[in-house]
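Observations on the model geometry
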Amino acid sequence: MVIPSARSTFFLLISSLLVVSSLVSAENYNQEPEFTVPLAKGLSWSFYENSCPQAEDIVRTQLKKVFKEDIGQAAGLLRLHFHDCFVQGCDGSVLLDGSTSGPGDEQDAIPNLTLRKKAFEIVNDLRQRIHKKCGRVVSCSDIVALAARDSVALSGGPDYAVPLGRKDGLTFATPNVTLANLPAPFSNASTILEALATKGFDPTDVVALSGGHTIGISHCTSFTRRLYPTQDPVMDKTFAKDLKEICPKLDSNGTTVLDIRSPNKFDNKYYVDLMNRQGLFTSDQDLYSYKKTKDIVTSFAVDESLFYEKFVIAMTKMGQLSVLTGKNGEIRANCSARNSDNQAYLASLVDDDVESLSEF
Ligand code: HEM
């Protein structure tokens, strides 16, 4: 198995530039994008064309039903992909349940405690649906990437092609490594830029990715240190007053939306919030205070198509971070457990898996 640091470096060095169309119609998800993106070795735009052509339809059809019931789940799935990719790459490791007696797993790390339980259930449900049609050929990490894309598209954002062919990792990261790889909401822009540069993101990518906060919610504890003991002078006064009602104390356990203008719509209003000093986290608001990112925020606030274009490029980069492909990793039968820990379940699948596995 390739070690994570080698894989990260490898990603940065990849230079097989492919020219493809990013914004695609709902019926033809994986057409070639118009922008130029380095495609990680082993990934392709048509990876399941023969082995599971229904995979993308299964994900989209099911998520349409899920979001009809609760559009908030879209935000949970988008965040799950981000947390997967930033910690030892997009290898589905965040999905792995650790042993109850062990030293703790990726899911135990503080930032992961607020991932939605339901997001994990949705991914496992999608995995079973795909398995029923195609056998064990589609990885959990690919399912998470597709679910994130559909979360954006079905919330009104851009629809885009996702390179596929990731394998699932065999190990998860420790809570400390996880914490070190996921930026904190109280970081300032310069810290965030520095941290993300090590993963190959430029300032435009960083501002675009932060636009993921155009949907979803946060718990009070992720931002109350901007309210107590002293109020962050940058924060809009009325906004601060409203937040104090939702979160009367430093450790209140309420929640509030990330984008006050259109919390469930994937649009560019998050950037309008920032221009009005109504960004929830320091890591958001400081993008408008910091000179290297301020103009990018403004450009996205005035031009939604530009935001969509840059978001798709940044997500495509993020979705390829340190991916495992080819003979590395595995395709999990159950997204929450690696296969060797899961022999009984595997045995029950053997009949319909034999054919599909022979391709690998
Ligand atoms: C740049 C650094 C980032 C920081 C510091 C950050 C921090 C956070 C925090 C603290 C929360 C709220 C957790 C809670 O209290 O419940 C959150 C929520 C969220 N984040 Fe980020 N995030 C970052 C980047 C991203 C990226 C790159 C994406 C996706 C492209 C993203 C998507 C989301 C979404 C959709 C939610 C809402 C989740 C839900 O409603 O369940 N974030 N983020």
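Going by an unreviewed UniProt entry, the chain carries the name Peroxidase and comes from Ziziphus jujuba. The annotation that UniProt attaches to the chain under Subcellular location (unreviewed entry) is "Secreted". Under the UniProt heading Function (unreviewed entry), the note attached to the chain is "Removal of H(2)O(2), oxidation of toxic reductants, biosynthesis and degradation of lignin, suberization, auxin catabolism, response to environmental stresses such as wounding, pathogen attack and oxidative stress. These functions might be dependent on each isozyme/isoform in each plant tissue."

Details of the overall build of the chain
From N to C terminus, the chain includes 16 helices and 4 strands. Buried positions account for 46% of the 360 residues belonging to the chain.

Description of the UniProt feature "binding site: heme b" (unreviewed entry) in the chain
Those residues carrying the UniProt feature "binding site: heme b" (unreviewed entry) are His213 in this numbering. When you line up the elements, His213 lands in the loop between helix H9 (203-210) and strand E3 (217-219). For His213, a count of 23 C-beta atoms within 10 Å gives the class buried. Excluding residues within four positions of it along the chain, His213 makes contact with Leu258, Asp259, Tyr270 and Asp284.

Topic: the site of the ligand
Close to the ligand lie 24 residues, the nearest being Ala75, Thr114, Gly212, Gly216 and His219. When residues of the shell around the ligand are traced back to their parent elements, those giving at least two are helix H3 (72-86), H9 and E3. In terms of residues, the shell around the ligand owes the most to one element, H3, which gives 5 residues. Looking at which domains feed residues into the shell around the ligand, each of domain 1 (4-181 + 319-337) and domain 2 (189-316) gives three or more.

Describing the UniProt feature "site: Transition state stabilizer" (unreviewed entry) in the chain
Mapped onto the present numbering, the UniProt feature "site: Transition state stabilizer" (unreviewed entry) falls on Arg79. Within the secondary structure, Arg79 is located in helix H3. Those residues within four positions of Arg79 in sequence are excluded, and the remaining contacts are Leu115 and Gly216.

Describing the confidence of the model for the chain
Counting all residues, the mean pLDDT for the chain is 88, and 83% of those residues have values of 70 or more. Overall, residues 1-26 carries pLDDT values under 50, and its contacts beyond four positions in sequence, including any with other chains, amount to 50 contacts.

Brief notes about the nonpolar core
Ranked by internal contacts, the top residues of the largest apolar core, which has 81 residues, are Val123, Ile143, Ala147 and Val297. Take this core: its biggest share by element is 9 residues, from helix H6 (residues 140-154). Among all residues touching Ala147, those that are not within four sequence positions of it are Val59, Leu63, Leu77, Ile122, Val123 and Leu126. Core analysis: the second largest hydrophobic core is formed by 8 residues, Phe223, Leu227, Leu258 and Phe281 among them.

Some thoughts on unusual backbone geometry
A cis amide bond links Tyr228 with the next residue in sequence, Pro229, at an omega value of -5°. Within the secondary structure, Pro229 sits in the loop between E3 and helix H10 (237-246). Despite not being glycine, Gln88 shows a phi value in the positive range, around 50°. With respect to the element layout, Gln88 can be found in the loop between H3 and helix H4 (110-113). By C-beta crowding, Gln88 is classed as buried, having 25 other C-beta atoms within 10 Å. Here the phi dihedral of Ser322 falls at roughly 40°; this positive angle occurs in a residue that is not glycine. Tracing the chain through its elements places Ser322 in the loop between helix H14 (304-318) and helix H15 (343-347). By C-beta crowding, Ser322 is classed as buried, having 25 other C-beta atoms within 10 Å.

Observations regarding H14
An ideal rise of 1.5 Å per residue puts 21 Å on 15 residues; H14 measures up with 20 Å between its terminal C-alpha atoms. Turning to H14, the residues buried within the fold contact strand E2 (36-38), H3, H9, helix H11 (269-275) and helix H13 (291-302).

Examining the environment of Leu154
Turning to its location among the elements, Leu154 is positioned in helix H6. Those residues in contact with Leu154 that lie beyond four places of it in its chain are Leu63, Lys64, Phe67 and Ala74.

Concerning the packing of H9 against H13
With their axes 10 Å apart at the nearest point, H9 and H13 run at an angle of 50° to one another. Relative to H13, H9 is oriented oblique. Seen along the crossing, H9 lies across H13 with a hand that is right-handed. Where H9 abuts H13, its residues Pro203, Thr204, Val206 and Val207 lie against Lys292, Thr293, Ile296, Val297 and Phe300. A class-by-class count of the residues in the contact of H9 with H13 yields 6 nonpolar, 2 polar and 1 charged.

A few points about the environment of Gly76
Relative to the helices and strands, Gly76 resides in helix H3. A sequence separation of 41 residues divides Gly76 from Lys117, and the C-alpha atoms of the two residues are 8.7 Å apart. When residues no more than four places from it in sequence are discounted, the contact partners of Gly76 are Leu115, Arg116, Lys118 and Ala119.

The rules behind the values
Residues numbered from 1 in each chain as written. Predicted model: local features only at pLDDT ≥ 70, side-chain atom pairs only at ≥ 80, totals over all residues. UniProt positions renumbered as here; feature names shortened; annotations may be inferred. Helix = DSSP H or I, 4+ residues; strand = E, 2+ residues; numbered from the N terminus. Buried ≥ 20, exposed ≤ 12 C-beta atoms within 10 Å, placed from the backbone. Contact = placed C-beta atoms within 7 Å. Near = placed C-beta within 6 Å. Domains from an automatic or database assignment. pLDDT = per-residue confidence, 0-100. Core = buried A, V, L, I, M, F, W, Y, C linked by C-beta atoms within 7 Å. Expected span 1.5 Å × (residues − 1). Axes fitted to C-alpha atoms, helices over the stretch in contact; angles between N-to-C directions. Parallel < 35°, antiparallel > 145°, perpendicular 65-115°, else oblique. Left-handed = near helix turned anticlockwise from the far one by under 90°. Nonpolar A, V, L, I, M, F, W, Y, C, P; charged D, E, K, R; others polar.

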